[in-house]
Amino acid sequence: MSKIFKYLWESKGAVMGIILLLIVQAFCDLSLPQYTSDIVDIGIQQGGIEHVAMDEMRQETYEGIRLFLDEEDVALFESSYEKNAEGNYALTVTDKNTLKDLDDILSLPLLAVSGIRESGEMDLDTVKQMLKSGMVTREEMMQFMDEQTKTLGEMSDSILKQSAVLAVKQEYEALGMDMGKYQMNYLLFTGAKMLGITLVMTAASVVAGLIASFTAAKVGMNLRSRIFKKVVSFSHGEMDKFSTASLITRSTNDIQQIQMVCVMLLRMVLYAPILGIGGVMKVVTTKTGMGWIIGLAVGVIMVLVAVLMGIAMPKFKKMQILIDRLNLVSREILTGVSVIRAFSREEHEEKRFAGANRDLMRNQLFTNRVMTFMMPAMMLIMNGVTVLIVWMGAQGIDMGNLQVGDMMAFITYTMQIVMSFLMLTMISVMLPRAGVAANRIDEVLKVEPTIHDKSQTKDDIKKDWKGVVSFEDVSFRYPGASEDALCHINFTAEPGKTTAIIGSTGCGKSTLLHLIPRFYDVTQGRVTMDGVDIRDLSQHKLRSLLGFVPQKGVLFSGNIASNIKFSGEGVSDEQMKEAAEIAQAMEFIGQKEEGFESPIAQGGTNVSGGQKQRLSIARAIAKKPKVFLFDDSFSALDYKTDASLRKALSEKIKDATVIIVAQRISTILHADQILVLDDGQIVGSGTHQELINTCETYLEIAKSQLSEAELSGGLTREDDAPSGKTEEETAVTDIEKGGVAYE
């Protein structure tokens, strides 16, 4: 969870804005129940009369109430009313606290005045005369009020206020007010305020949702970008730690999980405590005496969540691993579908996929079944709480301690509090998976590439790089291996010359070639470019000098032109066409209707292996590098195309250093320097003829591929095309004689 919050904190401005909007939303949400209560209690039961402190009263009523107030209350009462033109007294204060104080002090005097009027035994004028004549003293009047207070005090505050409101209604009717209109005005005004609050709440919710979605999407985008940049910076050593399927899952499914949870966190997890705390504060102010019900409900919910999460949590943690496994199996099957069909292993692979699929399904079914108890249990708790509140509230209403509207508001606040816990519970279902996903992403982001640039590079040490590649006592061992893959390698590859590397499978040819572009770093010794250790150059600078053609041709979705120009925008159309001609690719490009604009499918699946390899070679040639690295890049070419391509290379890239890894001798026959590798060591070095005479390992390879006539006579540059024949014609003649053996 801490990692998810760390990702969110990168957009702290947006998060703070969301929090403010959620506070506004919660304030509006918590205000509505009170307005609902007011509509029921005041608008319906009290006819729209909100306060005992009347908006307007007759002079007789004013003077009568004044009779039953003590000196302190008289001062407040007199300061709150002024005589108007009609001779009545109008309320002049609007402060809520003052109005509440007036309600408290006027209830009993108003009931006393109303009681005197209804008794018929005396009127208010008589009471005044009695006070003036001394028949009744002020102290006796206050004693009478105390007795009235004791009598009325046996009633609840709710009933006392209701009785006072009836007296207010009678006073308003005596003033000629239309009470039906008065009530409707209150209902409409309160309803309008509720509508306004609802609109504000909706606007805050929508804006918060938009910002939350944008923030979560930005978190997902940033994570995908960081993952991609990190993976691109990985050397082959780091790539070996993570499977391709796992990296794809981490870049897609795992980040999607985090993105979804970020939205939930910003919309629900932040809102739930604001709403819950606000609900508790509102419940406390209602003074219903039923707060213990909320405590009971929250306790039951927490126990339920703890039990369910304790059961489901281990399965949630396992789910991402099972998704990884399913992706791995799927990718292997889809990639190797031709091999699977060739060996009739469809049934076996179907069972393997079904096993991975079934394991994931069982895990998901278990977690889903456990979590299906969540919602019914929550609804049971909520409905049970509602029934309990109604039961207890009905008793309070019957005793006069509670009004119907207050009970309705209490139910709403309780539901809001329970809902806040329900929201936290719902997000808790997603948090375990998101936590696992965050850890898996963090594993990738925390990996420090073993291949990195030095703080101070020597990129500018030369302006004109020649491309002299030297291996100086180079040894290399794969991470975790017990033995060196390459031991004490020494050679120099010079511009204008071809250096070939040949040897048995697994002897370290490709490994040696991969040290030059720093796909791996040497364990011992050094590799230099024009005398400069390649580790002192930035990777960008080093690789800008190299044209690399991998053993397996790699093409990208797009078209032929975009693949040949892949090295950068600096490649012109003329350079592209020239590179295609050198790579012998124009033959099949010209046959396509769209030419260089012909589409290339993902992975180059719509071209043959030889075409894919020629386009890969053309891509390297178009870059015009100082050093060409061919990693067995001619293996998919027929002999005629191979010979033509090598001839074109020798003519067009005379100034470049060429290093070729090959399996067949015909490809490297005329190389200026041939290195023979055996078990990671150079066991022979020289030209073809020199190695035939001096290197037993090379001779064994040659015997497996060349005829006795070729071994005894050899082939030189001069007699490579005898009798005036071209190299291609000579190649065809050799094939007819059986002189060249293919792999």
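Bear in mind that the values here come from a model prediction, so they are computed numbers and not experimental data. (Residues numbered from 1 in each chain as written. Predicted model: local features only at pLDDT ≥ 70, side-chain atom pairs only at ≥ 80, totals over all residues. Heavy atoms only, no water.)

## Concerning the overall build of the protein chain
So the rule is basically this: The helix count covers DSSP runs of H or I at least four residues long, the strand count covers runs of E at least two residues long, and both are numbered beginning at the N terminus. Note on classification: 1.4 Å probe, protein chains only; a residue is buried when its accessible area is under 20% of the maximum for its type, exposed when over 50%, partly exposed between these limits. Note on areas: these come from Shrake-Rupley sampling with a 1.4 Å probe, and a residue is covered only by the protein chains present in the view.
Secondary structure summary: the protein chain contains 29 helices and 15 strands in total. Expressed as a percentage of its 743 residues, the buried residues of the protein chain come to 47%. For the protein chain, the accessible surface area stands at approximately 37,400 Å², while carbon and sulfur atoms represent 56% of it.

## Observations regarding the pairing of strand β13 (residues 657–661)
Rules: A strand pair is defined by DSSP finding two or more bridges across the two strands.
For β13, the tally of buried residues reaches five of five residues, placing the bulk of the element in the interior. What you see with β13 is no split at all: Thr657, Ile659 and Val661 on one side and Val658 and Ile660 on the other are buried throughout. As paired strands, strand β6 (residues 498–503) and β13 are joined by four bridges and run parallel to one another. Paired with Thr499 across the bridge in β13 is Ile659.

## Some points on a negative patch on the surface
Selection criterion: Patch definition: residues above 30% relative accessible area lacking any salt bridge, with like charges linked at up to 9 Å and the nonpolar side chains Val, Leu, Ile, Met, Phe, Trp and Tyr linked at up to 5 Å. The salt bridge definition used is simple: a Lys or Arg side-chain nitrogen within 4 Å of an Asp or Glu carboxyl oxygen. Residues scored as positive are Lys and Arg, those scored as negative are Asp and Glu, and His as well as the terminal groups of each chain are ignored. Lysine's charge is taken at NZ, arginine's at CZ, aspartate's at CG and glutamate's at CD.
A surface patch of like charges, here negative, comprises Glu483, Asp678, Asp679, Glu696 and Glu700. Along the chain, Glu483 turns up in the loop between β4 (469–476) and β5 (486–493). You can call Glu483 exposed: its relative accessible area is 61%.

## Comments concerning the packing of helix α2 (residues 12–45) against helix α9 (residues 179–233)
Worth spelling out the cut-off: For helices, the axis comes from a line fit to the C-alpha atoms of the stretch in contact; other axes are also lines fit to C-alpha atoms, and the angle between any two N-to-C directions lies between 0 and 180 degrees. Relative orientations are named as follows: roughly parallel for angles under 35 degrees, roughly antiparallel for angles over 145 degrees, roughly perpendicular for angles from 65 to 115 degrees, and oblique for any other angle. If you view the pair so one helix is near and one far, a crossing is left-handed when the near helix is turned anticlockwise from the far one by less than a right angle, and right-handed when it is turned clockwise. Residue type decides the class: Asp, Glu, Lys and Arg count as charged, Ala, Val, Leu, Ile, Met, Phe, Trp, Tyr, Cys and Pro as nonpolar, and the leftover types, Gly among them, as polar.
Closest axis-to-axis distance for the α2/α9 pair is 8 Å, and the angle between their directions is 160°. Between α2 and α9, the crossing angle belongs to the class labelled roughly antiparallel. Here α2 and α9 pass one another in a crossing that is left-handed. A breakdown of the residues in the contact of α2 with α9 according to their chemical character gives 22 nonpolar, nine polar and three charged.

## Examining the pattern of salt bridges
Proximity of charged atoms lets side chains of opposite charge pair with each other. Under the counting rule described, the total for this entry stands at 23 salt bridges. Between Glu171 and Arg58 there is a salt bridge; the shortest N-O distance is 2.9 Å. On the criterion of sequence distance, the pair formed by Glu171 in helix α8 (residues 157–174) and Arg58 in the loop between β1 (56–57) and α3 (59–67) is long-range, its members being 113 residues apart. Look at Glu171 and you get buried, because its relative accessible area is 2%. Note on Arg58: relative accessible area 25%, which makes it partly exposed.

## Quick look at the environment of His452
Applied cut-off: Whether two residues touch is decided by their heavy atoms; if any such pair falls within 4.5 Å, the residues are in contact.
Structurally, the position occupied by His452 is in the loop between α17 (404–446) and β4. Since its relative accessible area comes to 49%, His452 is described here as partly exposed. Once the C-alpha coordinates of His452 and Asp521 are considered, the two residues, 69 residues apart in sequence, prove to be 9.8 Å apart. Not counting chain neighbours up to four residues away, the residues in contact with His452 comprise Arg518 and Gln539.

## So, the sheet that holds strand β2 (residues 81–83)
Sheet strands pair via backbone hydrogen bonds, and the direction of the pair is either parallel or antiparallel. One open sheet accounts for three strands, arranged β1-β3-β2; its pairing is antiparallel. Sheet topology places β1 and β2 at the edges, where each strand pairs with a single neighbour. By the bridge criterion, three bridges tie β2 to strand β3 (residues 89–91) in an arrangement that is antiparallel. Each bridged residue has a counterpart across the sheet, and for Tyr81 the counterpart in β3 is Leu91. Docked against the sheet, helix α4 (residues 71–80) engages β1, β2 and β3, running at close to 55° with respect to β2.

## A short note on the packing of helix α1 (residues 2–9) against helix α11 (residues 244–269)
For the pair α1 and α11, interaxial distance at closest approach is 11 Å and the crossing angle is 75°. With respect to each other, α1 and α11 are oriented roughly perpendicular. Facing α1, whose interface residues are Ile4, Phe5, Tyr7 and Leu8, α11 presents Ile258, Val261, Cys262, Leu265 and Leu266.

## Some thoughts on the environment of Glu690
The residue Glu690 is located in helix α26 (residues 688–694) in this model. On the accessibility criterion, Glu690 (43% relative accessible area) is partly exposed. As a C-alpha pair, Glu690 and Ile674 span 16 residues in sequence and 9.6 Å in three-dimensional space.

## Details of a nonpolar patch on the surface
On the surface, Val303, Val307, Ile311 and Phe366 cluster together to form a nonpolar patch covering roughly 340 Å² of accessible area. Among the elements that make up the nonpolar patch, the one with the highest residue count is helix α13 (residues 291–335) (three residues).

## Details of unusual backbone geometry
With a phi close to 50°, Asp473 is a non-glycine residue in the positive phi region. Within the secondary structure, Asp473 is located in strand β4. Looking at Asp473, the relative accessible area reads 31%, which means it is partly exposed.

## What about the sheet that holds β13?
Reading across the sheet, the six strands line up as β9-β12-β13-β6-β14-β15 and stay open at both edges, with mixed pairing between neighbours. Of all the strands in the sheet, just β9 (546–549) and β15 (681–686) have a single pairing partner and so form its edges. Recorded for the sheet is a direction-independent mean angle of 15° between the axes of neighbouring strands. Docked against the sheet, helix α23 (residues 609–622) engages β9 and β12 (627–631), running at close to 180° with respect to β9.

## What about the nonpolar core?
Filter applied, for reference: Take the buried Ala, Val, Leu, Ile, Met, Phe, Trp, Tyr and Cys residues and link them wherever side-chain atoms come within 4.5 Å; each set so joined is a nonpolar core.
Formed by 80 residues in total, the largest nonpolar core has its most connected members in Leu223, Ile258, Ile389 and Ile441. No other element matches the 19 residues that α17 contributes to this core. When sequence neighbours within four positions are dropped, the list of residues in contact with Leu223 reads Tyr7, Ile255, Ile258, Ile441 and Leu445. Ranked by size, the runner-up nonpolar core spans 50 residues in total, among them Phe588, Ala622, Leu649 and Leu706.

## Considering the packing of aromatic side chains
Any aromatic ring pair is given by two values, namely how distant the centres are and how the planes are angled relative to each other. Condition: Classification of ring pairs uses Phe, Tyr and Trp, with its six-membered ring standing for Trp, and accepts pairs whose centres are within 6.5 Å; under 30 degrees between planes counts as stacked, over 60 as edge-to-face, and the remaining range as tilted.
Across all of its chains, the model carries 13 aromatic pairs by this definition. Here the aromatic rings of Tyr172 and Tyr182 are separated by 5.5 Å at their centres, their planes lie at 50°, and the arrangement is tilted. Of the two residues, Tyr172 is situated in helix α8 and Tyr182 in helix α9; the sequence distance between them amounts to ten residues. Residue classification places Tyr182 among the partly exposed positions, given a relative accessible area of 21%.

## Observations regarding the environment of Gly496
Within the secondary structure, Gly496 sits in the loop between β5 and β6. Sequence-wise, Gly496 and Asp655 are 159 residues apart; in three dimensions their C-alpha atoms are separated by 4.5 Å.

## Here's the deal with the confidence of the model for the protein chain
Counted only if it meets this: What pLDDT expresses is the predictor's confidence in each residue, scored from 0 to 100.
In this model, the protein chain carries a mean pLDDT of 82, and residues with pLDDT of at least 70 account for 88%. This stretch, residues 714–743, has a pLDDT under 50; its non-local contacts, to residues over four places away or in other chains, come to 43 contacts.

## Digging into the side chain of His514
Tracing the backbone shows His514 in helix α18 (residues 509–515). Once you skip the residues sitting within four places of it in the chain, His514 turns out to touch His236, Phe519, Tyr520, Phe548 and Asp631.

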